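# Residue-level structural notes
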Protein chains: 2
Amino acid sequence: MSPKLHLQIDERSGVPVYRQMMDQFKYYVAGGTLRPGDQIPSIRELAAALSVNPTTVVKAYTELERAGLIEKRHGKGAFVAPNAQALTAAEQDVALRRSAKQLAVEATQLQVPSPKVISVVREELGALYVDRTVEDLPVKFAVVSGDS
Amino acid sequence: MSPKLHLQIDERSGVPVYRQMMDQFKYYVAGGTLRPGDQIPSIRELAAALSVNPTTVVKAYTELERAGLIEKRHGKGAFVAPNAQALTAAEQDVALRRSAKQLAVEATQLQVPSPKVISVVREELGALYVDRTVEDLPVKFAVVSGDS
DNA sequence: TTCTGTGTATGGCTGTCATCACACACCCGT
DNA sequence: ACGGGTGTGTGATGACAGCCATACACAGAA
């Protein structure tokens, strides 16, 4: 039913909260963690877990619904749409490259040597895998708002 | 005087434009590419180069000035502040980690294997170095707004 | 003075988010 | 069947931030 999600909101990033939520749901669907029919957190539940206003979640869910990715059912909850399309491999690549490029630009401007960049990325990837294992507890949705 | 800068604005990222500009100037100063006394692009010039409204650049410059990083002189232009502090190594690390973490989160949600992530990062880093060499032309400020 | 570069100031449109009050669907005890 | 409690999504309103368009003010050279 409800796969364990790991949503992360960075308030200081400047990126609208509803957009951060949308992207992450997209990625979960694209990666196959969320599958058609799966129930996702209720608006209130997610709002509480992430410490944001319910209206913000509403906006994200509404947009996702308009994109055909999820369905809201009054009084029942929200679900991944039956025909929710996973991102194509190409689209996944674009999304990933987008982040990678920003990192690269930043590193270049900071004049950080490439090997250092790579090692930091490795560390952060490793840190997440740790989280994933630790997360085999009765927590449905884990949240990190600030930094680790 | 005016070192060759390479500013990059991603309009679709959701991050406020003025914030993207601020960050990149910060990074250039932190990395030593921009040094105290250096003249930076005029408000109009930068606005034209990036295809944004001058007021947006004003906001970025005003904030940077308030942070003590640059100085605006009426009728003359904008310059890196005499006592502009480069970021400490620790602060640089924080900034870099921030981007790296976001990339890691995204990759994890997309279930992209780590080696793939690393290789993409390497590619993007490489692409930027290419740009840097190519940029030995009479262009003072090069801009990339969309994707490469 | 006049021209041309520079930074400055104001108002308006849009997007983002919070607050608060409302409406629908289910379940359970009566 | 009923009726209420609890969960769910919905909608109206207001405050504030980002961005743009436009007109104004200063500095230096012709």
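Each value, and the rule that gives it
Residues numbered from 1 in each chain as written. Chains lettered and ligands numbered in written order. Predicted model: local features only at pLDDT ≥ 70, side-chain atom pairs only at ≥ 80, totals over all residues. Heavy atoms only, no water. Least-squares fit on C-alpha atoms with pLDDT ≥ 70 in both. Contact = heavy atoms within 4.5 Å. Pairing = 2+ DSSP bridges. Helix = DSSP H or I, 4+ residues; strand = E, 2+ residues; numbered from the N terminus. Axes fitted to C-alpha atoms, helices over the stretch in contact; angles between N-to-C directions. Polar contact = N/O pair within 3.5 Å; in protein donor to acceptor, adjacent residues only side chain to side chain. Near = heavy atom within 4 Å. Buried area = accessible area lost by both parts, 1.4 Å probe. Salt bridge = Lys/Arg side-chain N within 4 Å of Asp/Glu carboxyl O. Nonpolar A, V, L, I, M, F, W, Y, C, P; charged D, E, K, R; others polar.

This brings us to the relation of the copies chain A and chain B. When chain A is fitted to chain B, the best match, at an RMSD of 0.1 Å, comes from turning it 180° and sliding it 0.1 Å along the axis. Here the transformation between the copies is reduced to the relation of a two-fold axis. When each C-alpha of chain A is compared by its distance to the rotation axis, V15(A) comes out closest, at 2.5 Å. Residue by residue, 98% of the interface of chain A is reproduced at the interface of chain B, so both copies engage with the same surface.

The next thing to look at is the sheet that holds strand β4 (residues 77-80) of chain B. All names here are of chain B. The strand order across the open sheet built from three strands is β2-β4-β3, with neighbouring strands paired in antiparallel fashion. Only two strands of the sheet have a single partner each, and these edge strands are β2 (39-40) and β3 (70-73). Each of β2, β3 and β4 is contacted by helix α3 (residues 54-66), which is oriented at about 120° to β3, the strand it contacts most.

Glancing now at the side chain of T33(A). Here T33(A) lies in the loop between α1 (17-31) and β2 (39-40). At 3.3 Å, the side chain of T33(A) forms a polar contact with the side chain of Q111(B).

Bringing the protein's contact with DNA strand D into the picture now. Around DNA strand D, the structure places 20 residues, and the nearest of them are R44(A), K72(A), V17(B), N53(B) and T56(B). For DNA strand D, a phosphate oxygen lies 2.8 Å from a polar atom in the side chain of K72(A). The contact in question runs from a phosphate oxygen of DNA strand D to an N or O atom on the backbone of N53(B), over 3.0 Å. For the surface near DNA strand D, the elements supplying multiple residues, two or more each, are α2 (43-50), β3 (70-73) and β4 (77-80) of chain A together with α1 (17-31) and α3 of chain B. Of the residues forming the surface near DNA strand D, the biggest block, three residues, is contributed by α3(B).

At the interface, 52 residues of chain A touch 51 residues of chain B. Between chain A and chain B lies a buried interface of about 5200 Å² when both sides are counted; carbon and sulfur atoms form 56% of it. Looking at the side of chain A facing chain B, the largest losses of area belong to L96(A), Q109(A) and L110(A), adding up to 14% of the total buried there. Applying the counting rule to chain A against chain B returns eight salt bridges. One salt bridge connects D10(B) with R98(A), and the closest N-O pair in it is separated by 3.1 Å. Connecting chain A to chain B are 20 residue pairs in polar contact (both at pLDDT 80 or more). At the level of secondary structure, the elements contributing two or more residues to the side of chain A that touches chain B comprise β1 (5-8), α1, α4 (89-109) and α5 (114-134) of chain A. Grouping the amino acids of the side of chain A that touches chain B by side-chain chemistry returns 23 nonpolar, 15 polar and 14 charged.

What follows deals with the pairing of β3(B). The side chains of a regular strand alternate between both faces of the sheet. Residue and element names in this part refer to chain B. Pairing geometry for β3 and β4, over four bridges, is antiparallel. Bridging from a neighbouring strand, E71 pairs with F79 of β4. Counting the residues that bridge the hairpin from β3 to β4 gives three residues, and of these G75 lies at a positive phi of roughly 80°.

Functional significance is not addressed by these values, which are geometric in nature.
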